[in-house]
Structure formats: C-alpha cells, structure tokens
Amino acid sequence: MTDAARRHADLRGSAAALLPELVGLRRALHQEPEIGLELPLSRAKVLAALEGLPLEITLGKQLTSVTAVLRGALPGPVVLLRGDMDALPVQETSGLPYASAVPGVMHACGHDLHTAGLVGATRLLCERRDTLAGTVVFMFQPGEEGDAGARVMIDEGVLDAAGTRPVAAYALHVASALLPHGFVSTRPGPILAAADSLDVTVRGRGGHGSSPHSALDPIPAACEAVTGLQTMVTRRFDAFDPVVVTVGSFHAGTAHNVIPDEAVFSASIRSFSAGARARVLQEAPRVVRGIGEAHGLTVEAVVDEGYPVTVNDPVEAAYAAETAAQLFGADRCFELPNPIAGAEDFAFIGEHVPSAYLMLGACPADLDPATAPYNHSPEAVFDDSVLGDAAALLAGLALGRLSRG
C-alpha cells in the first residue's frame, strides 16, 4: 500500500468515527438556520465545535465569520478550505424531525452540511498536526446566498490570515438531486456561472386606452425589449460561450383601459466566461435603450453586478478529482461535462488563489436523483451520512496539497 493509500484509508476511518458528532452538529444548524451576513447562533455552534483545538481563531467584524488557522509542526505552504454557513428565506416543507424551527428560513441549499463537513476536516487535520507540513486556513463564511460574504472576508484579510497567501483553495457543495448519493464531480475551467441582474424602467406618457396615439405607451416597447434581449443572446453570442438572460419580473399598469406612464422589468443574466460577461453587461442595456429610443421613450437600464464565473484551476481540479477517486474509488467520481448555471461567491477566492470546487451527491439513497427535490426547494432533503466523506475529502485535499510543497 502506498503512503497516499494509507493516508486515505486512515482519513476514511477517522471520518467515520466522527460521523455521529458531525450529524448532530448539522442537525442543530438545520433547526436554527440564519440568513445573510449575521449568523450569531451558527457562529456559536461552530466555535463550540472547535473549542480546545490548536487553532488561531479570528472573528469577522462586518459579518459573523470564523477564520481558524492550524499551523502544522513541519514547515510548508498554506492551503485554504472553505465552508459557507448561511441559509435561505424558504419555508421548509420536508417533514423532517429536525426541520427548521425558524418560520420562513431553511437550510435548503445544504450549507449546514458544508459547515459540519468543514468542522470535521478541521478535527481530522488537528489530529494530524504533528505530521502536517504547512498551514491550513479554515474559512467559515456567512452570506454566500447573494451577500458576497466571501468578498467581505477577503477584504477583512482571510487570505492573509496565516501570514502567507494560500497556494490553493478548495470547497465543495452538496446536491440534494441530480448527483447520486456519495458521488463526487468537478471539472477544469468554468464550473459555475457568473450571476448578474438588469433592472429596466421604460418611461412614456400615460393616457386612455381608447386613444393610444395621444399617449406614449411604454408596454409594447418593454415587451419588445424583452424579446430583443433574447434575439441578442442568439445572434450576438457564441453558442459555445453562452449567456442566459431570463426576465423574471414584469410590471406595468393598473387597469385594462389605462395606458401607464411606465413599465418595469428585471432580468437575471448568466454567463460562463469573463469575456462573455463583460460583453453582455454592456450589450444588454444598449439593446433596451435603443428599443426605447426607437419608440420615442426614455429607458433607465441598471446593471447590478453579482458573482463572477467560478473557475477551477486546471491543475488543482485534476488534483482534486484524483484525490476524490483515491479516497472513494474511481467509480464514484466523474468529470462534469458542462458548467452548472448556478453561481457561487467562492468565485472571488478563485480570482486570487488557484482553486478547485467540487460537487458531492447528498441525495437520499431511497430517492431518484433525477426526480428528487433539488437545492433551494422547500422539500429538499440532504442525506447527512455523506458528512464523513465531506470531511475526509476536504482534509485529504489539504494533506495532499501540502505534501506537494
């Protein structure tokens, strides 16, 4: 048996022993979910789980983050492991005995598993501190769901917490559907989309519905702008470097016979490369303004830049895939053929540090991954028996990368 094989077998055994404790932590987090950048109850649970470990702990100032630094007994580089802690404004309908006790708030995206898995990795690596050749930064992050908590933590110094910048960063995300239970997937290059939004107000002049010629009707122009955005997507962007524009909100008028003064709509914009993102954020406002001008209307088009593309470093992605295959067997690991259209603020980490982001299937074994409720559903159920795998995978990634120097 090789040294790596022995290390992985040891990690799996130790992680299995930790599983009951990690399940307990995950379920406690699940019952008291919190949203946004302020997660005092979640932070308290994390700090209690880390108590007594040989860690240097720093708490966030603008958010309730926890940064823990483990310095190995041997010299070496720095790696970063990240887990997000926040929940979603979703009313849970899973029927679980440990379902959310907070009305309108639910861990519908599995961040409670991410947090417990990172605690497990912290425990595993602390147990191996005497042979650890380098330093590990554990990043417990609030505010992934739209609040850019990763960017705030970067601003507060998480990448410099160990005194030296990490040579690599790793994170994983559980999936309640699509991936079979316990399967791991990743890919080099883009793995998650950029997510931005466009808010449009088309202003005209109201009037009576019987005499549209005496008004400036904003509704037809706004409707044309919606279809114009779709034409832009199909005619201005490469099908192999796609963008996705979805108008999810459209409001105008108060009565069937009244022409309103304005029509407003909002669109979600997804892209999979920095170039396509920059171009669509420039082109989309130009299209809607041009259509409004052609109708003699004024248009306000405001872009709200969200998360950039999450890009896996090819070397780190290949290493992460190899590590997962060695830990769990090649039959449980595969390369994603295409990026996922969801977005992640781990993208901000990847802009500074070579990174790899992985997906871990947490669909209950008795459900069909093809039809099970997916992440963000009020019915989503995550099988927390994968927590041992999550902890072992994160710890294994850190150990292996540090051993490379």
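Heads up: these notes are all about the structure in this document. (Residues numbered from 1 in each chain as written. Predicted model: local features only at pLDDT ≥ 70, side-chain atom pairs only at ≥ 80, totals over all residues. Heavy atoms only, no water.)

Things to note about the side chain of D86
Quick note on the threshold: What counts as a helix is a DSSP run of H or I of at least four residues, what counts as a strand is a run of E of at least two, and both are numbered from the N terminus. Think of it in three bands: with a 1.4 Å probe and only protein chains considered, a residue is buried below 20% of the maximum accessible area for its type, exposed above 50%, and partly exposed in between. Neither His nor the chain ends contribute to the count of charged residues, in which Lys and Arg are positive and Asp and Glu negative. Whenever a carboxyl oxygen of Asp or Glu lies within 4 Å of a side-chain nitrogen of Lys or Arg, that contact is scored as a salt bridge. Pairs of N or O atoms within 3.5 Å make up the polar contacts considered here, provided that, within protein, one atom can donate a hydrogen while the other can accept it, and that residues adjacent in sequence are counted only when both atoms are side-chain atoms.
Topologically, D86 is positioned in the loop between strand 3 (74-84) and helix 3 (111-127). The side chain of D86 is buried and forms no salt bridge, while R82, the nearest opposite charge, is found at 7.0 Å. A distance of 2.9 Å separates a polar atom in the side chain of D86 from the backbone nitrogen of E145.

Some points on the pattern of salt bridges
Pairs can form between side chains of opposite charge whenever their charged atoms are close. Scanning the model with the defined rule gives 20 salt bridges in all. Between R26 and D112 there is a salt bridge; the shortest N-O distance is 2.8 Å. Placement of the pair is R26 in helix 1 (residues 3-31) and D112 in helix 3, with a sequence separation of 86 residues. Here R26 and D112 have matching classes, each one buried. Salt-bridge contacts for R203 lead to E262; the nearest nitrogen and oxygen are separated by 3.7 Å. Of this pair, R203 sits in strand 8 (residues 194-203) while E262 sits in strand 12 (residues 262-271), placing them 59 residues apart in sequence. Judged by its relative accessible area of 36%, R203 falls in the partly exposed class. In this structure, a network of salt bridges that share partners links the residues R26, R27, D112 and D384.

Thoughts on the packing of helix 7 (residues 314-328) against helix 9 (residues 387-403)
Quick note on the threshold: The axes used here are C-alpha line fits, helices contributing only the stretch in contact, and every angle between their N-to-C directions lies in the interval 0 to 180 degrees. In what follows, roughly perpendicular refers to angles from 65 to 115 degrees, roughly parallel to angles under 35, roughly antiparallel to angles over 145, and oblique to any angle outside these ranges. Take the far helix as your reference; a near helix turned counterclockwise from it by less than a right angle gives a left-handed crossing, and one turned clockwise gives a right-handed crossing. The contact criterion used is simple: two residues touch if any of their non-hydrogen atoms lie within 4.5 Å.
As a packed pair, helix 7 and helix 9 sit with axes 10 Å apart at the nearest point and diverge in direction by 125 degrees. Here helix 7 is positioned oblique relative to helix 9, judged by the angle of their axes. Classified by chirality, the crossing of helix 9 by helix 7 is right-handed. On helix 9, the residues that touch E316, Y319, A320, T323, A324, L327 and F328 of helix 7 are D389, A392, L393, G396, L397, G400 and R401.

Observations regarding the packing of helix 1 against helix 7
Axis separation between helix 1 and helix 7 bottoms out at 9 Å; the angle between their running directions is 70 degrees. Of the possible angle classes, the one that applies to helix 1 and helix 7 is roughly perpendicular. Judged by the sense of rotation from one axis to the other, the crossing of helix 1 with helix 7 is right-handed. Together, A4, H8 and R12 of helix 1 and T323, Q326 and L327 of helix 7 make up the contact between the two elements.

Some thoughts on the packing of aromatic side chains
So the rule is basically this: Side-chain rings of Phe, Tyr and Trp, where Trp is taken by its six-membered ring, are said to pair if the distance between their centres is within 6.5 Å; with planes under 30 degrees apart they count as stacked, over 60 as edge-to-face, and otherwise as tilted.
Applying the stated criterion across every chain yields a total of four aromatic pairs. Taken together, a centroid distance of 5.7 Å and an interplanar angle of 80 degrees make the contact between Y307 and F348 edge-to-face. Of this pair, Y307 sits in strand 13 (residues 298-307) while F348 sits in helix 8 (residues 346-350); the two residues are 41 residues apart in sequence, bridging distant segments of the chain. Accessibility classification places Y307 together with F348 in one group, the buried group. Between F346 and Y357 the ring centres are 5.7 Å apart and the planes differ by 35 degrees, which places this aromatic pair in the tilted class. Taken together, the positions of F346 in helix 8 and Y357 in strand 16 (residues 355-361) put the pair eleven residues apart, joining distant regions of the chain. Residue F346 is classed as buried on the basis of its relative accessible area of 1%.

Regarding the sheet that holds strand 13
Selection criterion: In this analysis, strands are considered paired if DSSP registers two or more bridges between them.
As summarised here, the arrangement of the four strands in space is 10-12-8-13, forming an open sheet in which the pairing is antiparallel. Of all strands in the sheet, those bounded by a partner on one side alone are strand 10 (243-252) and strand 13. Sheet twist, expressed as the average angle between the axes of neighbouring strands with direction ignored, equals 15 degrees. Where strand 10 and strand 12 come together, nine bridges link them in antiparallel fashion. Looking at the pairing, A252 lines up with A263 of strand 12. Packed onto the sheet, helix 5 (residues 218-236) meets strand 8, strand 10 and strand 12 and runs at close to 170 degrees relative to strand 10. In this fold helix 6 (residues 274-294) packs onto strand 8, strand 10, strand 12 and strand 13, with an angle of close to 165 degrees to the strand it touches most, strand 13.

Focus on the layout of surface pockets
Selection rule: Grid spacing is 1 Å over the protein atoms alone, the probe is 1.4 Å, and a cavity is where that probe fits but cannot get out, while a pocket is an open set with protein on both sides within 12 Å along at least five of seven lines and lining residues have an atom within 4 Å of a point. Grid points are joined across faces, edges and corners, and a volume is the space filled by probe spheres set on the points.
Approximately 610 Å³ is the volume found for the largest pocket. Lining of the largest pocket is provided by 26 residues; of these, E145, R270, G342, A343 and E344 occupy positions nearest its centre. Listed by contribution, the elements that provide at least two residues to the lining of the largest pocket are strand 8, strand 12, strand 13 and strand 16. In terms of residue count, the dominant contributor to the lining of the largest pocket is strand 13 (four residues).

Some remarks on the sheet that holds strand 16
In spatial order, the strands read 1-2-4-3-5-16-6-15; together these eight strands make up an open sheet with mixed pairing. The open sheet has two free edges, formed respectively by strand 1 (56-59) and strand 15 (333-335), since each of these has just one partner strand. Strand-to-strand twist in this sheet, taken as the mean axis angle between neighbours without regard to direction, amounts to 20 degrees. Here strand 6 (residues 184-186) runs beside strand 16; their pairing, made up of two bridges, is antiparallel. Directly across from V184, in strand 16, lies its bridge partner L360.

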